[in-house]
Amino acid sequence: MSVLVYIENIDGHFKKSGLETLSYAKAVADQTGQPVAALSIGNVDRDTLETIGTYGIPKVIRVDKEQLKQFVNQAYATVIADVAKHVGAQTVVLSNSFSGKALAPRVAAKLHAALADGASSLPAIEGDVWQIRKTVFSSKAIAVEELTARTKVIALMPNTVEPSEAPTAVQIEDYEPNIEDTDFSTIVKDIVRATDKVALPDAEIVVSAGRGLKGPENWKIVEELAEVLGAATACSKPVSDAGWRPHAEHVGQTGLAISPKLYIAIGISGAIQHLAGVSSSKTIVVINKDPEAPFFKVADYGIVGDAFEIVPKLTEALKAY
Ligand code: FAD
């Protein structure tokens, strides 16, 4: 029995959330005393695959087929389940990313496994019964899920584990998976990247702004601050509803739920529906001219003042730092 971790890549580069899953899988393997292997799908060069050893994973299964160049839910799920059987995995770990959310239930169904999606803790293990925590109800509560099936699939919430190094040599095994034409009933023909900026769901730092910015023409100050911090940008719902920013940036109850290390909220009141998507951020900084703005109640650091004065000064200070 072993632990298998599927590591996602974009254009042959591993995502940070993928490195987090490696460290998580290694920790689960250490807890259970089982061997651990990683699975890489698609064209990833040898040097990149060998970096997997940095996180204490001694074996990589490489599945590199032209058909799998683009991400396809059904086909990738079939490959992961097939490789899990090949290595005798009792635990499969993947990221609770956009693609991970689509894959995890499919893999669990194929393996007749219990599924913990959005996991935010290591399992508390008692024999075959594992308890895993996850945040629910827009981060207002924590649920403890009990996985009783022998085989388990865990989709790890991004930014809950820090990738930690435990270098070891890596053995790479090429594997020919059993995939059928029916696994390709939907195919992605092409992916056009809309932006080169940091992806919001994976971002460690997020600079977010609301209606206090008055209009889309003022977002330059938000983008400049984000750039100097290497951060992703986000916004409140009315901002995306008004078309000031793309809907993909909308965070909150009806938008994305994120948990970055640092969330900077500029000109956002802090309505409960907004907080629902960001309150599990590790550190929250609020910039608002109204000292009574509800966001200050959940802020770790607050600056009362005009965003149009404070944000450019903050950017300049960080540039000089
Ligand atoms: P406002 O409430 O208008 O706040 C603007 C803030 O900017 C104020 O606090 C003001 O003091 C400050 N400000 C103004 N000028 C300046 C300045 N020069 N410098 C500094 N600060 C300034 N909202 C979300 O964000 N995400 C959601 O997912 C979401 N889902 C919802 C679901 C439902 C069912 C409902 C009913 C609402 C939802 N909302 C959501 C809307 C939510 O209730 C709030 O209306 C919204 O979050 C407010 O956005 P805002 O803070 O940008 O704007």
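Here's what I pulled together on the structure shown here. (Residues numbered from 1 in each chain as written. Predicted model: local features only at pLDDT ≥ 70, side-chain atom pairs only at ≥ 80, totals over all residues. Heavy atoms only, no water.)

### Some points on the overall build of the chain
Then comes step 1: In terms of helices and strands, the chain carries 8 helices and 17 strands.
Then comes step 2: Since a compact globule built from 321 residues should have a radius of gyration of about 20 Å, the 21 Å found for the chain is in line with a globular shape.
Then comes step 3: Per-residue burial over the chain gives 50% buried out of 321 residues.
Then comes step 4: Long-range contacts, defined here as pairs at least 24 residues apart, represent 65% of the contacts in the chain between residues at least 6 apart.
Then comes step 5: Total accessible area on the chain stands at roughly 15,300 Å², and carbon and sulfur atoms take up 52% of it.
Then comes step 6: If you average the places of the 31 positive and of the 39 negative side-chain charges in the chain, the two averages end up 4 Å apart. (Helix = DSSP H or I, 4+ residues; strand = E, 2+ residues; numbered from the N terminus. Rg over C-alpha atoms; globule rule 2.2 N^0.38 Å. Buried < 20%, exposed > 50% of the residue type's maximum accessible area, 1.4 Å probe, protein only. Contact = heavy atoms within 4.5 Å. Areas by Shrake-Rupley, 256 points an atom, 1.4 Å probe, with all protein chains shown as cover. Lys, Arg positive; Asp, Glu negative; His and termini not counted. Charge placed at Lys NZ, Arg CZ, Asp CG, Glu CD.)

### Examining the pattern of salt bridges
Then comes step 1: Counting across every chain of the model gives 17 salt bridges.
Then comes step 2: One salt bridge connects Lys134 with Asp117, and the closest N-O pair in it is separated by 2.9 Å. With Lys134 in strand β9 (residues 129–136) and Asp117 in strand β7 (residues 114–119), this pair connects stretches of sequence that are 17 residues apart.
Then comes step 3: The class for Asp117 is partly exposed, based on a relative accessible area of 33%.
Then comes step 4: A salt bridge links Glu162 to Lys261; the nearest nitrogen and oxygen atoms lie 2.9 Å apart. Pair noted here: Glu162 is in the loop between β11 (152–156) and β12 (171–174) and Lys261 is in the loop between α6 (237–241) and β15 (262–266), with a separation of 99 residues, a long-range link.
Then comes step 5: The exposure class of Lys261 is partly exposed, given its relative accessible area of 31%.
Then comes step 6: Through salt bridges that share partners, Lys16, Glu20, Glu162, Glu204 and Lys261 make up one connected network. (Salt bridge = Lys/Arg side-chain N within 4 Å of Asp/Glu carboxyl O.)

### Looking at the site of the ligand
Then comes step 1: Within the structure, the ligand sits among 26 residues, and Arg211, Ser236, Ser269, Gln273 and Asn288 are positioned closest to it.
Then comes step 2: Gly212 is positioned such that a nitrogen or oxygen atom in its backbone is 3.5 Å from a nitrogen atom of the ligand.
Then comes step 3: Between the ligand and Thr254 there is a distance of 2.8 Å, counted from a nitrogen atom to a side-chain nitrogen or oxygen.
Then comes step 4: Notes on the ligand: free accessible area 980 Å², of which the protein chains cover 76%.
Then comes step 5: Broken down by secondary-structure element, the contributors of at least two residues to the shell around the ligand are α6, α7 (272–278) and α8 (307–320). (Near = heavy atom within 4 Å. Polar contact = N/O pair within 3.5 Å; in protein donor to acceptor, adjacent residues only side chain to side chain.)

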